[in-house]
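Here is how the chains run, residue by residue.
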Amino acid sequence: ALPRHPIITDSIERLEAGRSLEPAVSTAIAGAAEVLYGLGAANAREGDELASIIYLRLALHLAPDHALGIVSLGDLYERIKQGERAIEVYESMPATSPLRTSAELQIGQVLETLERKEEAQAHLERLVARDPMDPEALLALGNLQRSRKLFADAAATYTRAIALTEKTGRVDWTTYYFRGVSYE
């Protein structure tokens, strides 16, 4: 269902390299953190934000490197318009997590939402410079450029993303669409 999800691609790479996958729960504390994460993520609907924040914070207290808990809590803070807290949470993503890049991309989007436009653009440009082969970083930068009506820049950025994804056979039609919008 999610072939390009960072956790899935990381797991496939591990298996293809002959390494085994780590168990999701290896201790009682990790199990408690997983239960709390599940409760927080399941209750993250409109109106249940406080309970979700409590459960997710407790989960992260027990397992500070719980990547999905970090993403869920950051997303929740974004939804309730607490961007600064969302950035703090995303910044806590372990450097070794497959979701680190996703958290970094979210930071760029939150910075844009907070009207910290130069910082948002610089952040996304650093991500692209760090890994010019990452189509997700290119798409985030292209989307930012397009939202600011920098259409020539956006079209060029989308073209770079298309060139990368054509090699893997994973081109998403929306990238062509957004490039077309930029050209128009």
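Keep in mind the model is a prediction, meaning the values are calculated, not measured.

Caption draft 1: Structural detail: the overall build of the chain. Looking only at helices and strands, the chain has 10 helices and 0 strands in total. In the chain, the order of α-helices and β-strands from amino to carboxyl end is α-α-α-α-α-α-α-α-α-α. The C-alpha extent of the chain, read off along each of the three principal axes, is 55 × 45 × 25 Å. Looking at the chain as a whole, 36% of its 184 residues qualify as buried. Here the analysis covers contacts within the chain between residues at least 6 apart in sequence; of these, 42% occur between residues at least 24 apart. Counting every atom, the chain has about 10,800 Å² of accessible surface; 56% of that belongs to carbon and sulfur.

Caption draft 2: Helix 5 (residues 83–91), seen in detail. Among the residues of helix 5, Gly83, Ala86, Ile87, Val89 and Tyr90 are the ones counted as buried. Summarising the axial view, the buried residues of helix 5 lie within an arc of 165°, below the 170-degree limit, and thus occupy one face.

Caption draft 3: Spatial organisation of the packing of helix 4 (residues 67–79) against helix 5. The N-to-C vectors of helix 4 and helix 5 enclose an angle of 170°; their axes lie 7 Å apart at closest approach. As far as their axial angle goes, helix 5 and helix 4 are roughly antiparallel. For the pair helix 4 and helix 5, the contacting residues are Ile70, Val71, Leu73, Gly74, Asp75, Tyr77 and Glu78 in the first and Gly83, Arg85, Ala86, Val89 and Tyr90 in the second.

Caption draft 4: Fine view of the packing of aromatic side chains. Considering all chains together, one arrives at 3 aromatic pairs under this definition. Here Trp173 and Tyr177 contribute two aromatic rings whose centre-to-centre distance is 6.2 Å and whose plane-to-plane angle is 65°, an arrangement assigned as edge-to-face. Taken together, the residues span about one helical turn, with Trp173 and Tyr177 both in helix 10 (residues 173–183) at a distance of 4 residues. The rings of Tyr158, Trp173, Tyr177 and Phe178 are connected pair by pair, giving a single aromatic cluster.

Caption draft 5: Up close: unusual backbone geometry. In this model, Lys81 sits at a positive phi of 65°, which is unusual for a non-glycine residue. As for its placement among the helices and strands, Lys81 is situated in the loop between helix 4 and helix 5. The class of Lys81 is exposed, set by a relative accessible area of 70%. The backbone of Lys149 shows a phi angle near 65°, a positive value even though the residue is not glycine. Mapped onto the secondary structure, Lys149 falls in the loop between helix 8 (135–147) and helix 9 (151–168). Accessibility expressed as a relative area gives 63% for Lys149, which makes it exposed.

Caption draft 6: The nonpolar core, seen in detail. Leu73, Tyr77, Tyr90, Met93, Leu105 and Leu124 are the most contacted members of the largest nonpolar core, which totals 37 residues. Put simply, the parts of the chain that give this core at least two residues each are helix 2 (28–42), helix 3 (49–62), helix 4, helix 5, helix 6 (100–113), helix 7 (117–130), helix 8 and helix 9. If near-sequence neighbours (up to four positions away) are discounted, Tyr90 is found in contact with Ile70, Val71, Gly74, Asp75, Glu78, Arg100, Ala103, Gln106, Ile107 and Val110.

Caption draft 7: Representation of the environment of Glu184. As for its position among the elements, Glu184 is in the segment after helix 10. Classification of Glu184 as exposed rests on a relative accessible area of 84%. C-alpha separation for the pair Glu184 and Ala155, spaced 29 residues apart in sequence, amounts to 9.8 Å.

Caption draft 8: Looking closely at the environment of Val181. Note on placement: Val181 falls in helix 10. With relative accessibility at 30%, the residue Val181 sits in the partly exposed group. Sequence spacing of Val181 and Asn143 is 38 residues, and the spatial spacing of their C-alpha atoms is 11 Å.

Caption draft 9: How the structure looks around the pattern of salt bridges. By the definition in use, this model includes 8 salt bridges. Its salt-bridge partner being Arg79, residue Asp75 comes within 3.9 Å of it at the nearest N-O pair. On the criterion of helical spacing, the pair formed by Asp75 and Arg79 is a turn pair, its members being 4 residues apart in helix 4. A relative accessible area of 35% means that Asp75 is categorised as partly exposed. Judged by its relative accessible area of 39%, Arg79 falls in the partly exposed class. When the shortest N-O distance is used, the salt bridge between Arg148 and Glu112 registers 2.5 Å.

What counts and how
- Residues numbered from 1 in each chain as written.
- Predicted model: local features only at pLDDT ≥ 70, side-chain atom pairs only at ≥ 80, totals over all residues.
- Heavy atoms only, no water.
- Helix = DSSP H or I, 4+ residues; strand = E, 2+ residues; numbered from the N terminus.
- Buried < 20%, exposed > 50% of the residue type's maximum accessible area, 1.4 Å probe, protein only.
- Contact = heavy atoms within 4.5 Å.
- Areas by Shrake-Rupley, 256 points an atom, 1.4 Å probe, with all protein chains shown as cover.
- Arc of directions from axis to C-beta.
- Axes fitted to C-alpha atoms, helices over the stretch in contact; angles between N-to-C directions.
- Parallel < 35°, antiparallel > 145°, perpendicular 65-115°, else oblique.
- Phe/Tyr/Trp six-rings, centres within 6.5 Å; stacked < 30°, edge-to-face > 60°.
- Core = buried A, V, L, I, M, F, W, Y, C linked by side-chain atoms within 4.5 Å.
- Salt bridge = Lys/Arg side-chain N within 4 Å of Asp/Glu carboxyl O.

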